[in-house]
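Summary of the model geometry
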Amino acid sequence: MRHEPIGKELFISNRKRLVKGLKPGALVVFNSNDIMPSNADGTLGYIQNSDLYYVSGIHQEESMVVVCPDFPDKKYREVLFLREPNELMEKWEGHKLTKKEATELSGIETVVWVSGFEKLFHHMMTMGKVQNVYLNTNEHYRSEILVQSRDARFIEWCQKTYPLHKYKRIAPIMGDLRRVKQPREIELMQKACDITECGFRRVLNYLRPGVMEYELEAEFIHEFKRLGSKGFAYTPIIASGENNVILHYIENSKQCHAGDLVLLDVAAEYANYNSDLTRTIPVSGKFTKRQKEVYNAVLRIQREANKILRPNVVYFDYHKEIEKLMESELLKLKLIDKTDIKNQNPDNPALKKYFYHGTSHMLGLDVHDVGNMHDKVQVGSVWTIEPGIYIKEEKFGIRLENNVVIGKNKNHDLMSNIPIEAEEIEEIMNAKKK
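Read on for a plain summary of the structure.

Thresholds applied
Residues numbered from 1 in each chain as written. Predicted model: local features only at pLDDT ≥ 70, side-chain atom pairs only at ≥ 80, totals over all residues. Heavy atoms only, no water. Helix = DSSP H or I, 4+ residues; strand = E, 2+ residues; numbered from the N terminus. Rg over C-alpha atoms; globule rule 2.2 N^0.38 Å. Buried < 20%, exposed > 50% of the residue type's maximum accessible area, 1.4 Å probe, protein only. Contact = heavy atoms within 4.5 Å. Areas by Shrake-Rupley, 256 points an atom, 1.4 Å probe, with all protein chains shown as cover. Lys, Arg positive; Asp, Glu negative; His and termini not counted. Charge placed at Lys NZ, Arg CZ, Asp CG, Glu CD. Pairing = 2+ DSSP bridges. Axes fitted to C-alpha atoms, helices over the stretch in contact; angles between N-to-C directions. Parallel < 35°, antiparallel > 145°, perpendicular 65-115°, else oblique. Left-handed = near helix turned anticlockwise from the far one by under 90°. Phe/Tyr/Trp six-rings, centres within 6.5 Å; stacked < 30°, edge-to-face > 60°. Lys NZ or Arg CZ within 6 Å of the ring centre and 35° of its normal. Core = buried A, V, L, I, M, F, W, Y, C linked by side-chain atoms within 4.5 Å. Expected span 1.5 Å × (residues − 1). Arc of directions from axis to C-beta.

Looking only at helices and strands, one finds 13 helices and 16 strands in the protein chain. Relative to its length of 434 residues, the protein chain is compact, with a C-alpha radius of gyration of 24 Å against a globular reference of 22 Å. Referenced to the eigenvectors of the C-alpha coordinate spread, the extents of the protein chain come out at roughly 75 × 50 × 45 Å. Burial status across the protein chain gives 52% buried among its 434 residues. Pairs at least 24 residues apart make up 71% of the contacts formed inside the protein chain by residues separated by at least 6 positions. A total of about 20900 Å² of accessible surface is found on the protein chain, and carbon and sulfur atoms cover 52% of it. Positive and negative side-chain charges in the protein chain, numbering 62 and 61 respectively, have mean positions lying 4 Å apart.

Set out below in structure tokens:
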């Protein structure tokens, strides 16, 4: 394990909060993710199912968690199913969790090898007065399901084997639970942000004309892994020159030229919790007058957005307010004029030529974390704030992004120590040359 011990108390608390949202006679099943194949006999790096991790802290394939709060035998109200270790597996794949280790991580006292799942599950479904069976699916509003998941296969098997039970969705309940972060979760996300800061400062000192985008990517990953992260929270975007205006440019293969900007949308994970940073910096160590003019416009919007994104605000109303700020800044930058505004299509306003993405999203175990975007913003939720201006005809774009915890009186910026002022970035970059 690369990261510090999280403590089973977080996961015990998460399960207690989960139980409060269930109907009487409930049983909930969480499945781990599959190990995904690549080509030949290869596999991709393992990514745990976020909901299973949230209720258990277990990061291991072929794991299951069953919660049945009203089961007569208290021993089986929480059960963790694990792949049984053996000598041959250990030779090929390394150490797998023992029952004792799993209990220490999760706080779940009853740990059963997954080979015994069907027998025990049948007992729970038929002898436990179970009426409402909660099963899990990926219901993120931006998800695109192309490959059948372990959860999907389990749903088919469970409904076929036990057709007369009442089946319900656990995803909405998990979205509500995960949206508000517990203090320990905030600590882990702060650690992810601190690691990201170290990577960013390293790149500020490394960047110079002639450097390749992928060299900057290498500088980030070196620092992230050195500090205990598994690596990138998401595929890094390192976009220099004209690539600035491409939102999801991930090729990272071009050379950084003097006078250009580099947009860095790169961040670290820590203990499966994510950060999400964007900065835009000058290759030569100094912004041009026009670049700084646009940069400061984006920074003003970001800071105003932090004042607007507050408890009880609905995200889509907030985004409309940001668009008003953006329209004003674009007018000052002479990118649009009053005629553009007067003649614009309300469904496709003039500002969208230069600002064509959302201002914020929730953040947590997933980079685009779960939760209903139509619900009111809650104290304790964590959001990105990331306005941008992209000027294709001038061959550059600027985006700035920080992560904030929504507070009762004011928001807490988890990235407040990461340089963002244009002058501070220039000062750090030029100090390396002295």
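After that view, the rundown keeps rolling.
Now for the sheet that holds strand 12 (residues 382-385). The three strands are arranged 12-15-16 in an open sheet whose pairing can be described as antiparallel. Of all the strands in the sheet, the pair left with one neighbour each is strand 12 and strand 16 (412-413).

So, about the packing of helix 8 (residues 183-206) against helix 9 (residues 213-226). It is the contact of helix 8 with helix 9, at a shortest axis distance of 8 Å, that shows an interaxial angle of 140°. It follows that helix 8 is oblique to helix 9 by the angle criterion. Crossing angle aside, the handedness with which helix 8 passes helix 9 is right-handed. Residues Ile195, Thr196, Cys198, Gly199, Phe200, Arg202, Val203 and Tyr206 of helix 8 form the contact with helix 9, whose own contacting residues are Glu215, Leu216, Glu219, Phe220, His222, Glu223 and Phe224.

Right, let's get into the packing of aromatic side chains. Per the counting criterion, the structure on display carries 18 aromatic pairs. Pairing Phe81 with Phe117 gives two aromatic rings, centres 5.0 Å apart and planes at 80°, and the pair type is edge-to-face. Of the two residues, Phe81 is situated in strand 3 (residues 78-82) and Phe117 in helix 5 (residues 117-127); the sequence distance between them amounts to 36 residues. Judged by its relative accessible area of 0%, Phe81 falls in the buried class. Overall, Phe117 belongs to the buried group, its relative accessible area being 5%. For the pair Phe121 and Phe154, a centre-to-centre distance of 5.8 Å together with 70° between the ring planes defines the contact as edge-to-face. Of this pair, Phe121 sits in helix 5 while Phe154 is found in helix 6 (residues 150-161), placing the two residues 33 residues apart along the sequence. Given the relative accessible area of 9%, Phe154 is considered buried. The ring of Tyr270 carries Lys191 above its face, with NZ or CZ at 5.8 Å from the centroid.

Nonpolar side chains in soluble globular proteins generally cluster together in the buried interior. Grouped together as the largest cluster of nonpolar side chains are 103 residues, with contacts concentrated most on Leu18, Leu264, Ile281 and Ile389. Of the residues forming this core, the biggest block, nine residues, is contributed by helix 8. The next biggest cluster of nonpolar side chains, apart from the first, holds 21 residues, and it includes Cys68, Phe71, Tyr76 and Phe121.

A separate point is the sheet that holds strand 2 (residues 64-67). Strand order across the open sheet formed by six strands is 4-3-2-1-5-6, with mixed pairing between neighbours. Edge positions in the sheet fall to strand 4 (110-113) and strand 6 (166-169), since each of these pairs with one other strand and no more. Shown here is a sheet whose adjacent strand axes are inclined to one another by a mean of 25°, direction ignored. Two elements, strand 1 (residues 26-31) and strand 2, share four bridges in a ladder whose sense is antiparallel. Paired with Asn31 across the strands is Met64, a residue of strand 2. Where helix 6 meets the sheet, its contacts fall on strand 1, strand 2, strand 5 (132-135) and strand 6, and the angle it forms with strand 1 comes to roughly 140°.

Another aspect to go through is the pairing of strand 1. The buried fraction of strand 1 amounts to six of the six residues, a majority that puts the element mostly inside the structure. Residues of strand 1 alternate between two faces, with Ala26, Val28 and Phe30 on one and Leu27, Val29 and Asn31 on the opposite face, all of them buried. Where strand 1 meets strand 5, three bridges bridge the pair, whose relative direction is parallel. If you follow Ala26 over to strand 5, its bridge partner there is Asn132.

This part takes up helix 9. For helix 9, spanning 14 residues, the distance from its first C-alpha to its last is 20 Å, which sits close to the expected 20 Å at 1.5 Å a residue. Looking only at helix 9, the buried set comprises Glu213, Leu216, Glu219, Phe220, Glu223 and Phe224. End-on, the buried residues of helix 9 take up no more than an arc of 125°, which puts them together on one face.

This next bit is on the environment of Gly228. Structurally, Gly228 is set in the loop between helix 9 and strand 7 (237-240). With relative accessibility at 14%, the residue Gly228 sits in the buried group. Separated by 94 residues in the primary sequence, Gly228 and Ile322 have C-alpha atoms spaced 36 Å apart. When near neighbours in sequence (up to four residues on either side) are disregarded, Gly228 contacts Arg2, His3 and Tyr270.

Quick look at the pairing of strand 13 (residues 388-391) now. Alternating residues of strand 13 divide into Gly388 and Tyr390 and Ile389 and Ile391, and every residue in both groups is buried. Direction of pairing for strand 13 relative to strand 14 (residues 396-399): antiparallel, over a ladder of four bridges. Across the sheet, the residue bridging to Ile389 is Ile398, located in strand 14. Turn length for the strand 13-strand 14 hairpin, with the two strands adjacent in sequence and antiparallel, is four residues, and the turn residue Lys395 shows positive phi of about 65°.

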